[in-house]
Structures are given as C-alpha cells and as structure tokens.
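Chain residues, written in single-letter form:
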Amino acid sequence: MMRIAAAALHDLLVGLFRAGGSEAAEAEAVAAHLVEANLVGHDSHSAIRAPKYLAWVAAGELLPNRHATIAIDAGPLLVLDGGFGYGQVIGAEAMARAIERVRAHGLALIGIRNSGHLGRIGAWAETLAEAGLVSVHFVNTSGYGILVAPHGATERRLSANPIAAGAPGPDGPIVLDIATSATAEGKIQVARNKGEALPPGLVLDGAGRPITDPEAFYRDPPGALLPFGGHRGSGLSVFCEILAGSLTGGESSHAASPTAWRLVNNMLTLAVDPARLGDGHAFAADVARLTDWVRSARPATPGQRPLLPGEIERRTRAERLRDGIPLDPATVRQLAEAAAAHGVALPGELAETV
Ligand code: NAD
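Predicted model only: the values in this text are computed from it and were never measured.

Topic: the pattern of salt bridges
Right, on to step 1. With the rule as written, the count across this model stands at 18 salt bridges.
Right, on to step 2. Across the pair glutamate 155 and arginine 157 runs a salt bridge whose closest N-O atoms are separated by 3.7 Å.
Right, on to step 3. Residues aspartate 286 and arginine 289 are paired through a salt bridge, measuring 3.2 Å at the closest nitrogen-oxygen approach. A residue pair is termed a helical-turn pair when its members lie 3 or 4 positions apart in one helix, as aspartate 286 and arginine 289 do in helix 9 (residues 283–295) at 3 residues.

Section: the sheet that holds strand 2 (residues 69–74)
Right, on to step 1. Within the open sheet, the 7 strands sit side by side as 2-3-4-11-5-6-7. Their pairing is mixed. Strand pairing shows two members of the sheet lacking a second neighbour, strand 2 and strand 7 (174–179), which therefore form its edges. Adjacent strand axes in the sheet meet at a mean angle of 10°, parallel and antiparallel pairs treated alike.
Right, on to step 2. Pairing analysis gives 5 bridges linking strand 2 to strand 3 (residues 77–81), with the strands arranged antiparallel. Residue pairing in the sheet places alanine 74 in a bridge with leucine 77 of strand 3.

Quick word on helix 6 (residues 185–194)
Right, on to step 1. Among the 10 residues of helix 6, 7 are classified as buried, and the element is accordingly described as predominantly covered.
Right, on to step 2. For helix 6, the complete set of buried residues consists of Glu185, Gly186, Ile188, Gln189, Val190, Ala191 and Asn193.
Right, on to step 3. As for helix 6, its buried residues are in contact with helix 3 (50–58), strand 8 (203–204), helix 7 (214–217), strand 10 (224–225) and helix 11 (329–342).
Right, on to step 4. Directly after helix 6, the chain includes glycine 195, whose backbone phi takes a positive value near 70°.

What counts, and at which threshold
- Residues numbered from 1 in each chain as written.
- Predicted model: local features only at pLDDT ≥ 70, side-chain atom pairs only at ≥ 80, totals over all residues.
- Heavy atoms only, no water.
- Salt bridge = Lys/Arg side-chain N within 4 Å of Asp/Glu carboxyl O.
- Helix = DSSP H or I, 4+ residues; strand = E, 2+ residues; numbered from the N terminus.
- Pairing = 2+ DSSP bridges.
- Axes fitted to C-alpha atoms, helices over the stretch in contact; angles between N-to-C directions.
- Buried < 20%, exposed > 50% of the residue type's maximum accessible area, 1.4 Å probe, protein only.
- Contact = heavy atoms within 4.5 Å.

Right, here's the structure in full:
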C-alpha cells in the first residue's frame, strides 16, 4: 500500500477529467469531491471511481459540462434536472439552491432527478451543516444500479440507496452517511482490488448463497447485496426509492426504467434553518448537551469513547492530510492505465510504484 499526498492525487484527477472533456471548474469540482472521499476514509467513493467515470463519459452515459436546470419551482419546493451531468457539479448547484431557498423560506425540499453519480452523499449534508442548516438526504439509483435483494429475497431489486443527515455540531458537522445495503458495492470493489475476503452476512452470489469472496459477486449471474438490518434497511431502501425516485420524477429502480442503461442518481433533500424553528429554545446548546451526553457513556473498550456520526471521518481526514492517502496496488494500476489512455502524466509517487 503506497501513500500519496492529497494535492498530487487531486492534480492527477483534474488532468484525467480535463482529458475526459470537462471544463476546468468541473474537473476541479469532481476531483475535489473524490479526493475528499479518500481523505475522510470513504475509499469506495473516492479516486477509485475516476476510471469508471471516464468510461461512462466515453460511452455517452455521463455528459460533461452539464448544469442543473429547474424543472419545478414553487418557492421552498424545487425540482432540478441534472441532465445526466457529473453529480459532483449537479449536487453542489442543488445545495447552493437549497441554502438560498432556506434563507428565504426557513426550509426547502429539493429534488434532483437525472444526475450522474452523486458520490459521497455525506458531502452534501456537510455542505448544508457548514451553512448552519439541518438536513436529510435520500438517494436512489434508477436503472443501472440495481444491486440489493429486498429482505426475504435472493435477487436484486433495489439500489444501494444511501441516506445522509447533517446538523451543525459543537466541534464540526454531525453527519450520518450510510448506504441502506449491508455494504456499499464500492467496498466489494475495494476488497477485490486488495484480494481480501468480505465479512460474512453482506453479500449473496448469483444462486442466492451467502459468500465472502468478492470475485463471486461479479460472476455471471451476478450476486446481490443484502440490506442492512434485515427488514429495517430493506424498508428504508424502499422509501429511498419512493422519495428520491418516484417523488422527484427520476423514477424508482427498475430494469425497464428509461435510464436503465446508465447510472443515474436521484436525491430528495429536506433542509431547515434551526433558527427559524426557535421559540426561545437554544438548538445549538441542546445539540452540544446531546453530544456530551452520548460521549460520556461508559466505553465498550476502555479508553475509547463512543463517536458521533461524522467524527471518524474528521479523524481519518486529519491523519491522511498528515500521512498521505493510502492507495492499494490495483487502484494505482487502474489510475495509471487511465492516465496512459488519456495522455496524462502520473505524479512522481505513483510513477515509481507502477
Ligand atoms: P459506513 O458503513 O462506513 O458508515 C458511515 C457512517 O457511520 C458515517 O456517518 C460515520 O460517521 C458513521 N460511523 C462509522 N464508524 C462509526 C463509529 N465507530 N461510531 C459511530 N459512527 C460511526 O458507510 P457506508 O454505508 O458503507 O457508505 C459508504 C459511502 O458510500 C457513503 O459515503 C455513501 O454516501 C456512499 N454511497 C453512495 C451511493 C450513491 O449512489 N451515490 C450509494 C451507496 C453508498
């Protein structure tokens, strides 16, 4: 496992996305989002995705240099169409609109339909929390991303359907960011790249048998992810389909969806300004009290206090900014192949290892 400085990885990704036809601002935005995912430890949604995004661009599935357009505008209720552009751009534009609408109305319900991959969904909750807002985000993937067997089944019907929530906290945003599947598909890719077994209870093979070998997931017929928490995760996933897919017009996961041939994310975001709900009570003080209360619980492992959502990401970020971002050999090879195919120079650290 080699380590690379965040700035060097960022520059490599900017070069790749520029070569893939993105304007400078878009290449910067996509690279920044992916490297941030590396920094906070969500490797499944990090630079590992860059070669795949470029392949989607080459196949016409993902369209560079698109911007969110307004499909429905009813004050605090807004639906944006992503035009199958990079989700990192569409998501940022949608969050800017969310902030603007919350400032005007106290809350906003923002739907995004037809966006490219929105990446690490917690990033959007963080953006709003940094603006002082509380938010929840439900995401589905219409068509292409059907991966998850509903509770009680052994065959794919649902997408990995992440849910994120964010709030300003006393020492930084409190951010929950979870897939409703027992594992994210990207984590199977990471395990496959590292040649590691998966923990049991996460994945079935194409015959519906529980497996730990990541390779078996990708055989023909392909396997299925299980929902987390049995019927609970499965039920939340169905509501991601309804809220992010059916309600926004982006559609629920279905093999016959008009977007079934490309990866499309749809997202429903509810954002609210806590100050606008104030009837004299202090939101920030109550969240600070909650934070202390949770952290003060007797630790299961002596010396390791419980963490709030978002804390582990902040810790990982500080460590990786200091020590560099770890990249496994398969990810390095994939980035090197993409760089060679697009005529982009590899940073020194990477060139030495391939
Ligand atoms: P995960 O299982 O790593 O859970 C992450 C969440 O749990 C974070 O909120 C984190 O702060 C919290 N957490 C982790 N360890 C903790 C601890 N010890 N104590 C307390 N809290 C802790 O995440 P995941 O479900 O594997 O999802 C990974 C990423 O994949 C997310 O960023 C998600 O948005 C992304 N994703 C995106 C899509 C898409 O379609 N765009 C689909 C699926 C997943």
